[in-house]
Amino acid sequence: MSPRKPVRTLVPAILIALLIASLNYGLWAYFNRPLVAPAEFDGRVRGMAYSAFQRHQSPLENRYPSEAEVAADLRLLARHTERIRIYTATENPMLPRLAREAGLKVTAGAWLSRDRERNLREINALVSAARIHRHLDRAIIGNETLLRGDLGVKELVGYLKAAKRRLKIPVSTAEPWHVWLKYPELARHVDFITVHLLPYWEGVPVEAAVEFVFLRLEELRRKFPNKPIVIGEVGWPSHGDRVRQALASTAHQAQFVRAFLARARDLPLEYYLMEAFDQPWKGAEEGRAGAYWGLFHADRTPKFPLRGPITEDAHWPEKALAASLLAFPFMLWFAAAFRRFRLSGRLFFAGLIQAAAALLVWLVAMPFEFYLKPLDWAMLALLAPAFLAMAAILLANGFEFTEALWRERWQRSFGPRELAPEQAQPFVSIHLACCNEPPEMVILTLNSLAHLDYQNFEVLVIDNNTRDEALWKPVAAWCEKAGPRFRFFHLPQWPGFKAGALNFALQQTDPRAEVVGVVDADYAVSRTWLSALIGHFLEPQVAVVQAPQAHRDFESNFFQRMCNWEFEGFFRVGMHHRNERNAIIQHGTMTLIRRSALERVGGWAEWCICEDAELGLRLMRAGYETRYVDRVLGRGLTPADFKAFKAQRLRWAFGAMQILKGHWSALTGKSPLSAGQRYHFLTGWFSWFADALHFAFALTSLLWTIGMLAAPKHFTLPLDLFLIPVLAFFAAKALFGPVLYVARVDCGWRDILGASLASMALSHAIARGVFQGLIQKRGVFVRTAKSFHNRGRFAAILGVVREELLMLVALSLGAGLTLWGLGGEREASLWAAILAAQAVPYGAALLTATISARAGRTARQGAQPTPEGAPVGRIEPAGPVRERAQA
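Residues numbered from 1 in each chain as written. Predicted model: local features only at pLDDT ≥ 70, side-chain atom pairs only at ≥ 80, totals over all residues. Heavy atoms only, no water.

## Thoughts on the packing of helix 8 (residues 206–223) against helix 9 (residues 250–264)
And then number 1: Running from N to C, helix 8 and helix 9 point in directions that differ by 35°, and their axes come no closer than 9 Å. Our pair here, helix 8 against helix 9, has a crossing hand that is right-handed. Side by side, helix 8 and helix 9 meet where Val206, Glu207, Ala209, Val210, Glu211, Val213 and Phe214 of the first sit next to His252, Gln255, Phe256, Ala259, Phe260, Arg263 and Ala264 of the second.
And then number 2: Split into classes, the residues belonging to the contact of helix 8 with helix 9 amount to nine nonpolar, two polar and three charged. (Axes fitted to C-alpha atoms, helices over the stretch in contact; angles between N-to-C directions. Helix = DSSP H or I, 4+ residues; strand = E, 2+ residues; numbered from the N terminus. Left-handed = near helix turned anticlockwise from the far one by under 90°. Contact = heavy atoms within 4.5 Å. Nonpolar A, V, L, I, M, F, W, Y, C, P; charged D, E, K, R; others polar.)

Have a look at this one:
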């Protein structure tokens, strides 16, 4: 190798990785760009509301701060303000003394509730403190007592009168502005009005919030011209649910606080910013925003400066750098290892890697940015693995997407390989297993095999477990008439499903046979099937040569068209993608297998209901090569109806889980499998795991929705930060498939949409197959019906999709109730969108079942047996014209 070649490989890879990492940093910077010219404040704040509870303390759990913690708080506050407001006189009795030592004046509070004995203790404690501490110069008896409905106006007035008789300092009570206007008589019993002005709770956008405060203040002054007015609480939360047009964020909190302080600076106004420190415990009673009103975090670090630029996330540079550094080696490796991809493809997938790294950094940082409650932790515990799974699924799908769209050429591309005229034909034993199949369909397949242009072969028909003689005897008679090349075996009771029948056939195989062919009972094969592929077996390492599954007689039935084109995507894209790393999925039809290899690995696995794919993996473990030749050399029938379509896909998903469990040690431990083979057999099922994840997420979402509607105090809308990645995942998944179809599958938009609908409709069946396969050890092989029986009655349609219909109704109802009961907030709209998106596959199942039933009202017009001596087919290149040119 030339010494310049590694340099030519590495330098572009480094540039790609650096470009994407720089773009990542730039996006973090863009989304955290400073606010445009926010107001600044350089003076001292006149007052702050103060609760002393630290990060993990709560009066609800009787966990209180120590004297040292309170003293440290007050020394910190003394650097920023000259006055504090407190809410209770009994919880921290040392506080007035410590405030005096810190040089702070105190507006003391007595907390009033429905507990009359506690109310008396509160007032007694306040009176005692006021007699001792002269710097305690104002008293507020009750905080939002009327708003909460704990007391009536008369009861509150009684407490005010009692306190005024015993105190020599001005007395008030604190309520929001509208409560003072609603109960104007309350003003006669206070020395000053203490009003709470919190525009966030009013749904006022932050741009208009300060003006709103002063308009409400002026309204109160006009109503009570002879009463001094103190703003007891004014502020904005840094996190929380959206309230109409009011968005809780650090940037908006900074914008409001700085604008308010700047406007109040030259006014004779007494106010208390709400509040000094975040109080996480308040989230349990006030909702998510209740924990985030502090100017300081609960760890006593400032959230933002009062001068200079303001950003939403002050730590974004560290996060952006961490995400770039985490992704860089993986992007570098990919860009170098897959240099055969076009530049746009390498940039695209490097971007996906960077996005996954950014998601991981975000997940790690999340608990440090929010005060998560137990239910929030529960949500995070559910969503974090789900997010990681979504990232893995998108990376796996994205790699297939990238390779299919932006490769220069397929590295392992195989076409027909015939023998030279002088070469002897290996003997081929073709095995056809059938069970309860219509005899005319099987005879069509046998007739096509009779017209192969290959001389050296036999056909073994194994009819297992068919009780109706009318089904198997016509086939037996046909084989007897066809001559010694065709041998028929009827096994009335035989174990092992299709694998058991094929193992029996292997025992009966002609000793001369070097290659075993397997074909399904509904396939009409091309005359050239064997002659086109047998040349591959001249190479001794080749164990399997697989042609694609293809279909016939589907054009006039829209449901069957949907099925056909849904299958086509895998054979035009997925099999090529896997073939690149010798990791194809072997199929139980149109496959040729070296007999010695088949016998060496022990034949067909009767424990697995996907015996074909399992055999392929076992052959790879034994060191053999498998090849995919994308030429249509036979066509079968699509599933007859949606019930059969679902049953087939459930069986495949169940069998895939059996394979994964049965070969786990080889896939993850020491074995001859290559890295590429391990990758495909571990990630190849990711799309099906995504369906299982979708079902689990849908159930969890429904339970959470019920919780939000029934117990809103305990269940709140998930943060939009949780919801946006989920919607992005749904969008990406929905986009990948149609784009690949447009590029690589030779069909129009009508069939692309039909294939997409059919694929979505299978989601629930696949999810059931995945869960059953992971839990159960053995499954039941259910044959796929290829002849139509559903008469299209509405009851029959609902019976096929009853579980999907239940999920569709539940999710739709959940979305509607969310908008009705929790509407007006962006999080509610996003949550409803999540529920609606999750309902789409279930709606697709109902629609597909309806299409299937309608299409089935006309009896299937099956293909008639090919006339004696006529060819059944020819070698057909698969895929669009642009693929043929590359081949």
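## Re the confidence of the model for the chain
Atomic detail in the predicted coordinates should be set aside for any region of low pLDDT.
And then number 1: Looking at the chain, the pLDDT average stands at 89 and 92% of residues meet or exceed 70.
And then number 2: Scored below 50 in pLDDT, residues 859–887 shows 69 contacts in the model against residues more than four places distant or in partner chains. (pLDDT = per-residue confidence, 0-100.)

## Details of the nonpolar core
And then number 1: In this structure, Tyr50, Ile84, Ile141, Ile231, Phe256, Phe260 and Tyr271 are the most contacted members of the largest nonpolar core, which totals 90 residues.
And then number 2: Of all the elements, helix 8 adds the most residues to this core, at eight residues.
And then number 3: For Tyr271, the residues in contact, after removing those within four places along its chain, are Arg44, Val45, Arg46, Gly47, Ile231, Val234, Phe260, Leu261 and Ala264.
And then number 4: With 54 residues, the next largest nonpolar core counts Met366, Leu380, Ala391 and Ala743 among its residues. (Core = buried A, V, L, I, M, F, W, Y, C linked by side-chain atoms within 4.5 Å. Buried < 20%, exposed > 50% of the residue type's maximum accessible area, 1.4 Å probe, protein only.)

## Some details on the pattern of salt bridges
And then number 1: For the structure shown, the criterion picks out 42 salt bridges.
And then number 2: Residue Lys319 pairs with Asp313 through a salt bridge whose shortest N-O separation is 2.6 Å. Across the pair, exposure class does not vary: Lys319 and Asp313 are buried alike. (Salt bridge = Lys/Arg side-chain N within 4 Å of Asp/Glu carboxyl O.)

## Notes on a nonpolar patch on the surface
And then number 1: On the surface, Leu326, Phe330, Leu360, Val364, Phe368 and Leu388 cluster together into a nonpolar patch covering about 620 Å² of accessible area.
And then number 2: At the level of elements, helix 11 (316–337) and helix 12 (343–369) are the ones that each hand at least two residues to the nonpolar patch.
And then number 3: Per element, the largest residue contribution to the nonpolar patch is three residues, and it comes from helix 12.
And then number 4: Position of Leu326 relative to the elements: it lies in helix 11. (Patch = residues over 30% accessible without salt bridge, like charges linked within 9 Å, V, L, I, M, F, W, Y side chains within 5 Å. Areas by Shrake-Rupley, 256 points an atom, 1.4 Å probe, with all protein chains shown as cover.)

## Quick notes on the environment of Trp604
And then number 1: Within the fold, Trp604 resides in the loop between helix 19 (595–600) and helix 20 (611–621).
And then number 2: Judged by relative accessible area, Trp604 falls into the buried class, the value being 3%.
And then number 3: Separated by 303 residues in sequence, Trp604 and Thr301 have C-alpha atoms that sit 66 Å apart.

## Quick notes on the sheet that holds strand 9 (residues 427–434)
And then number 1: Spatially, seven strands are ordered 11-10-9-12-15-14-16 in an open sheet, and the strand pairing comes out mixed. Each having just a single partner strand, strand 11 (486–491) and strand 16 (625–628) make up the two edges of the open sheet. Neighbour-to-neighbour, the strand axes of this sheet turn through a mean angle of 20°, independent of strand direction.
And then number 2: Direction of pairing for strand 14 (residues 542–546) relative to strand 15 (residues 591–594): antiparallel, over a ladder of three bridges. (Pairing = 2+ DSSP bridges.)

## Describing the pairing of strand 4 (residues 136–143)
And then number 1: In terms of burial, strand 4 is a largely internal element, six of the eight residues being buried.
And then number 2: As defined by bridge partners, strand 3 (residues 105–110) adjoins strand 4 across five bridges and the pair is classed as parallel. Across the sheet, residue Gly109 finds its bridge partner in strand 4, namely Ile140.
And then number 3: Read from strand 3 through helix 4 (residues 116–132) to strand 4, the crossover connection turns out right-handed.
And then number 4: Pairing between strand 4 and strand 5 (residues 171–176): three bridges, direction parallel. Bridge assignment links Ile140 to a residue of strand 5, and that residue is Ser172. (Right-handed = clockwise from strand over helix to strand, strands pointing away.)

## A short note on the environment of Glu625
And then number 1: Here Glu625 shows up in strand 16.
And then number 2: Taking relative accessible area as the criterion, Glu625 reaches 14% and is therefore assigned buried.

## Quick notes on the side chain of Asp463
And then number 1: Considering the arrangement of structural elements, one finds Asp463 in strand 10 (residues 457–464).
And then number 2: What makes Asp463 buried here is its relative accessible area of 3%.
And then number 3: Ignoring anything within four residues of it in the chain, the contact list for Asp463 reads Cys434, Trp472, Phe488, Phe489, His490 and Leu491.

## Considering the packing of helix 24 (residues 686–710) against helix 29 (residues 802–822)
Helix-helix packing is characterised by the crossing angle of the two axes and by the distance between the axes.
And then number 1: The interhelical angle for the contact between helix 24 and helix 29, taken along N-to-C directions, is 35°, at an axis separation of 10 Å. Handedness of the helix 24/helix 29 crossing: left-handed. In this structure, helix 24 contributes Phe695, Ala698, Leu699, Leu702, Thr705, Met708 and Leu709 to the contact, and helix 29 contributes Met807, Ala810, Leu811, Gly814, Leu817, Thr818 and Leu822.
And then number 2: For the contact of helix 24 with helix 29, the residue count by class is eleven nonpolar, three polar and no charged.

## Some details on the pairing of strand 3
And then number 1: Judged by how many residues are buried, strand 3 sits mostly within the fold: five of six residues are covered.
And then number 2: In the sheet, strand 2 (residues 83–85) pairs with strand 3 via three bridges, with the strands oriented parallel. Bridged to Arg83 within strand 3 is Lys105.
And then number 3: The handedness of the strand 2 to strand 3 crossover, carried by helix 3 (residues 95–102), is right-handed.

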